[in-house]
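Chain by chain, the residues:
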Amino acid sequence: DLGIAETHVIEFAPRLMPRQVDSAGSKLLQNKLQDLGLQIHLNKSTSEIVGDGKIEALAFNDDTQLELDMLVISAGIR
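Predicted, not measured: the structure shown is a model, and the values here were computed from it.

Residue position: Gln30 is located in helix α1 (residues 23-35). Discounting residues that sit within four places of it in the chain, Gln30 has contacts with Leu16, Ile40 and Leu42.

Okay, here's the thing in structure tokens:
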């Protein structure tokens, strides 16, 4: 147990893994991740990583923010 209270997946696209799987596969993946307790945020564009000396939040283009203590980035596929 890492003591992580909440885990969020932030996705710019309207569904998870849009280039790798079809809509049905994406929905299945989303449901499985949610069953594991992950919170999924689709259509989210990050505008800023907020913090002074340490990460404190992500700010999004829709004027919302998500407070956090740790950020793991997975970007792109070839």
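Next comes the rest of the write-up.
In this section: the layout of surface pockets. There is about 1300 Å³ of room inside the largest pocket. Lining the largest pocket we find 33 residues, and of these His8, Val9, Ile10, Leu71 and Val72 sit closest to its centre. Contributing elements (two or more residues each) for the lining of the largest pocket: β1 (7-10), α1, β3 (46-50) and β5 (65-67). Top element by residues in the lining of the largest pocket is β1. It accounts for four residues. Its residues assigned to classes, the lining of the largest pocket comprises 20 nonpolar, seven polar and six charged.

A word on α1. With 13 residues, α1 should reach 18 Å at 1.5 Å per residue; the first-to-last C-alpha distance of 18 Å fits that figure. For α1, every residue scored as buried is listed here: Ser26, Gln30 and Leu33. Buried residues of α1 fall within an arc of 65 degrees about the axis and therefore sit on the same side. More than 90 degrees from the buried face of α1, the exposed residues found are Ala24, Leu28, Lys32 and Asp35. Lining the buried residues of α1 we find β2 (38-41).

Analysis parameters
- Per chain, the residues get numbers from 1 upward, laid out in the order the sequence is written.
- This being a predicted model, a pLDDT of at least 70 is required before a residue's local features are given, and a value of 80 or more before pairs of side-chain atoms are given or counted; all residues contribute to the totals for chains, interfaces and linings.
- Note that water and hydrogens are dropped before the side-chain values are worked out from all heavy atoms of the structure.
- Secondary structure follows DSSP: runs of H or I at least 4 residues long count as helices, runs of E at least 2 residues long count as strands, and numbering of each begins at the N terminus.
- Any two residues having at least one pair of non-hydrogen atoms within 4.5 Å are treated as being in contact.
- For cavity detection a 1 Å grid was placed over the protein atoms alone, and a set of points counts as a cavity when a 1.4 Å probe fits there but cannot get out; an open set counts as a pocket when protein lies on both sides within 12 Å along at least five of seven lines, with lining residues being those that have an atom within 4 Å of a point.
- Grid points are joined across faces, edges and corners, and a volume is the space filled by probe spheres set on the points.
- By the convention adopted, Pro, Cys, Tyr, Trp, Phe, Met, Ile, Leu, Val and Ala count as nonpolar, Lys, Arg, Asp and Glu as charged, and the other residues, Gly among them, as polar.
- For a helix, the expected span equals 1.5 Å multiplied by the number of residues minus one.
- Exposure categories follow from relative accessible area, calculated using a 1.4 Å probe and restricted to protein chains: below 20% of the type maximum is buried, above 50% is exposed, and the middle band is partly exposed.
- Directions drawn from the helix axis to the C-beta atoms are what define this arc.

No statement about biological role is implied by the geometric values presented.
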